[in-house]
Amino acid sequence: MNILVVGGVAAGASFAARARRLNEAAQITIIERGPDVSFANCGLPYHIGGEIPTRDVLAVQTAESLKGLLNLDVRTNSEAVEIDRAAKRVRIRNLETGADEWMAYDKLMLAPGASPLRPNMPGIGDPRIFTLRNLQDMDRIMAATEEGMRAVVIGAGFIGLEMTEQLQRKGLTVQLVELQPQVMPPLDAPMAALLESELRHNGIGLHLGDGIERFTGDSDHVRCHLNSGAVLEADLVILSIGVKPDSELAKDAGLQLGPRGHIVVDGFQRTSDPDIYAAGDVIETLDRVILGSKTAVPMGGPANRQGRVAADHIFMPDKVRPYPGSIGTGIVRAFEAVAGITGWSEKRLAAAGIPFEAVTVNDSHHATYYPGAKPMTLKICWDPESGRLLGAQANGFEGIDKRLDVLSTAIVAGMTVDDLCHLELAYAPPFGAAKDAINLAGFAACNRRDGLVEHIETLPDDPAVQVVDVRGKPLADAFPAPGKIINIPFPMLRSSLDKLDRTRPVVTLCAFGKMSYFAARVLKQNGFNVASFNGGLKGSVDPRSPAKLPNP
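What you see is a predicted model, and the numbers here were worked out from it, not measured in a lab. (Residues numbered from 1 in each chain as written. Predicted model: local features only at pLDDT ≥ 70, side-chain atom pairs only at ≥ 80, totals over all residues. Heavy atoms only, no water.)

**Student:** An account of helix α1 (residues 10-22) is requested, with residue identities and associated values reported.
**Tutor:** Helix length check: α1, at 13 residues, gives a terminal C-alpha distance of 18 Å against a target of 18 Å (1.5 Å per residue), a fit within 8%. Of all 13 residues that make up α1, ten are buried, and the element is covered over most of its length. Looking at the buried side of α1, the elements it contacts are β1 (2-6), β2 (27-31), α3 (63-70), β7 (107-110) and α8 (300-315). (Helix = DSSP H or I, 4+ residues; strand = E, 2+ residues; numbered from the N terminus. Expected span 1.5 Å × (residues − 1). Buried < 20%, exposed > 50% of the residue type's maximum accessible area, 1.4 Å probe, protein only. Contact = heavy atoms within 4.5 Å.)

**Student:** Tell me about unusual backbone geometry, residues and numbers included.
**Tutor:** Although it is not a glycine, Asn71 sits at a positive phi angle of roughly 55°. Mapped onto the elements, Asn71 comes out in the loop between α3 and β3 (73-75). By relative accessible area, which is 37% here, Asn71 ends up partly exposed. The phi torsion at Lys88 lies on the positive side, around 55°, for a residue other than glycine. Take Lys88: it is sitting in the loop between β4 (78-84) and β5 (89-94).

**Student:** Before we move on, could you go through the side chain of Glu198 and cite the residues and values that matter?
**Tutor:** Relative to the assigned elements, Glu198 resides in helix α6 (residues 189-201). Under the relative-accessibility criterion, Glu198 is labelled buried at 4%. A polar contact of 3.0 Å, which involves the side chain of Glu198, links it to the backbone nitrogen of Glu336. Setting aside residues up to four positions removed in sequence, Glu198 forms contacts with Ala334, Phe335, Glu336, Ala337, Phe397 and Arg544. (Polar contact = N/O pair within 3.5 Å; in protein donor to acceptor, adjacent residues only side chain to side chain.)

**Student:** Give a detailed account of the sheet that holds strand β26 (residues 389-396), specifying residues and quantitative values.
**Tutor:** The strand order β22-β23-β26-β25-β24 describes an open sheet built from five strands, whose pairing is antiparallel. Of all strands in the sheet, those bounded by a partner on one side alone are β22 (330-334) and β24 (357-364). Taken pair by pair, the neighbouring strands of this sheet meet at an average axis angle of 10°, ignoring direction. For strand β23 (residues 337-343) and β26, the ladder comprises six bridges, and the chain directions are antiparallel. Bridge pairing in β26 links Gly340 to Ala394. Across the sheet, helix α10 (residues 400-412) touches β22, β23, β25 (375-382) and β26, and the angle it forms with β26 is around 180°. Relative to β24, helix α12 (residues 437-449) is tilted by about 145°, and along the sheet it contacts β24 and β25. (Pairing = 2+ DSSP bridges. Axes fitted to C-alpha atoms, helices over the stretch in contact; angles between N-to-C directions.)

**Student:** I'd like to hear about the packing of α1 against α8, residue by residue, with values.
**Tutor:** Running from N to C, α1 and α8 point in directions that differ by 35°, and their axes come no closer than 7 Å. Of the two possible hands of crossing, α1 and α8 adopt the one that is right-handed. In this structure, α1 uses Ala10, Ala11, Ser14, Phe15, Arg18, Ala19 and Leu22 to contact α8, whose residues at the interface are Ala303, Asn304, Gly307, Arg308, Ala310, Ala311, Asp312, Ile314 and Phe315. By residue class, the composition of the contact of α1 with α8 is ten nonpolar, three polar and three charged. (Left-handed = near helix turned anticlockwise from the far one by under 90°. Nonpolar A, V, L, I, M, F, W, Y, C, P; charged D, E, K, R; others polar.)

**Student:** Describe the nonpolar core, with residues and values.
**Tutor:** Counting 38 residues, the largest nonpolar core has Leu161, Leu167, Leu176, Val183, Leu195 and Leu199 as the members making the most contacts within it. The greatest single-element share of this core, amounting to five residues, is contributed by α6. If sequence neighbours within four positions are ignored, Leu161 has contacts with Ala156, Leu176, Val183, Met184, Leu195, Leu199 and Val332. Of all hydrophobic cores here, the second largest spans 34 residues; its members include Leu407, Val417, Ile438 and Ala445. (Core = buried A, V, L, I, M, F, W, Y, C linked by side-chain atoms within 4.5 Å.)

**Student:** Explain a negative patch on the surface to me, using residue names and the numbers behind them.
**Tutor:** Where like charges cluster on the molecular surface, the negative patch consists of Glu336, Glu398, Asp401 and Asp405. Structurally, the position occupied by Asp401 is in helix α10. Judged by its relative accessible area of 44%, Asp401 is partly exposed. (Patch = residues over 30% accessible without salt bridge, like charges linked within 9 Å, V, L, I, M, F, W, Y side chains within 5 Å. Areas by Shrake-Rupley, 256 points an atom, 1.4 Å probe, with all protein chains shown as cover. Salt bridge = Lys/Arg side-chain N within 4 Å of Asp/Glu carboxyl O. Lys, Arg positive; Asp, Glu negative; His and termini not counted. Charge placed at Lys NZ, Arg CZ, Asp CG, Glu CD.)

**Student:** Run through the pattern of salt bridges, naming residues and quoting values.
**Tutor:** Following the criterion strictly, the structure yields 36 salt bridges and no others. Linking Asp139 and Arg55 is a salt bridge whose minimum nitrogen-to-oxygen distance equals 2.8 Å. With Asp139 in helix α4 (residues 135-144) and Arg55 in the loop between α2 (44-48) and α3, the pair connects residues that are 84 residues apart, well separated along the chain. Residue classification places Asp139 among the partly exposed positions, given a relative accessible area of 29%.

Any functional reading would require information that these geometric values do not contain.
Below is the structure:
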């Protein structure tokens, strides 16, 4: 069998390696437009900043090593420019010589990936404006940067945040521009607030809710003209405003594309032509959370698994299981702060008109009495009818990846908020708590479902509403809540009920949301119309709000 693979990084390399392990006799050829194959593109920002000190470790495999290990014919600096589906052949262009040749295939895998967006606007061609996709982009950025320079990063998603952190680590002054009013737009805004606080704490200039309009420049610097009229001067610019699928080859061949230009595939990665497969950033796939919907997740994990499924379908069709879809699990670090998401966010569910409920809880990443406990915030969304988990977000400083991994597994398993209550997670004081933050999220969700508490998402400005801060007075004075507040520390609440008007609604608040829930239960059972402020001050107002006064 003659197998041709277009694209030699995540999906293409994974497909080719699995195909070889399943069939030693197949002729497998990888066509790669760049000079490198199977490189660690997720590690590129960290080499720029010096956290990964050696470039060679990013080149996971080479054409020569793939030949020796897997007997693959790897052709770098070669581009697939045309597919002749009727004759089952692809025209390949040698980018060094310009010569074309036709290569036949029995099965064709399309894994060309996605390209960074580079909008058509004045000044975009300035050579000091960079995108980051491959090792050569990385090399150019490294050659153009040195300590003391000024950089502007456009786009505050995964790559933008990573590049912001790493350029600052390298000694550059960095300003970050994001069209949305928050960094990390996939997250709900309160869950991104810790990242924003950490960026500012580390001297990053944030320009949120503002986009790039055009670039001008001279021999000394680039000027970034924002929609607001602000002008930022820089020695270099990093564009990280998203990616688009490299699907032109598929489009020209008449393969079916989705509404955003991604290649449409079935569960076995077959395109609309049964002899042509596709995988990775170029495709759309099933959404594993909202069944029946489609999504595109340009990440390495899904790409590698999709490549494996396609190879299995070709060589063991009686045993292969279809790719089940993606849920979009992602995590990012900005200096010491970490945040991530799995499944759907509240704002995405709301925009799609999908019924949901959500709660936010705060806790520490391990037992608070064990030294080094760091605060974390979890938010979960679930189906109000079935209780099935629809999405989760987390932020903090330690243990965020662990919680996201558990919650992504829970989503895939179809677990409910009741199941979260009873997950038996690894516990010893250095690692977790007897009631993990995930258990607490389940408890909070069930409390709401069972009518034990009503939550409010924003502090009211209606003077008729009594907002009761149940933190201790020293903490409430040191970290005041916004607005007109009545401070009644929780231990004094039962003896202070006469200080509140039973004819007027009450909202309870605290630092983390736990004590305000306790207070709401006391007040409700004493005849008050009461709601608790969801997530507390830490979850919704100030991501660094402490539960107790810091040690002097």
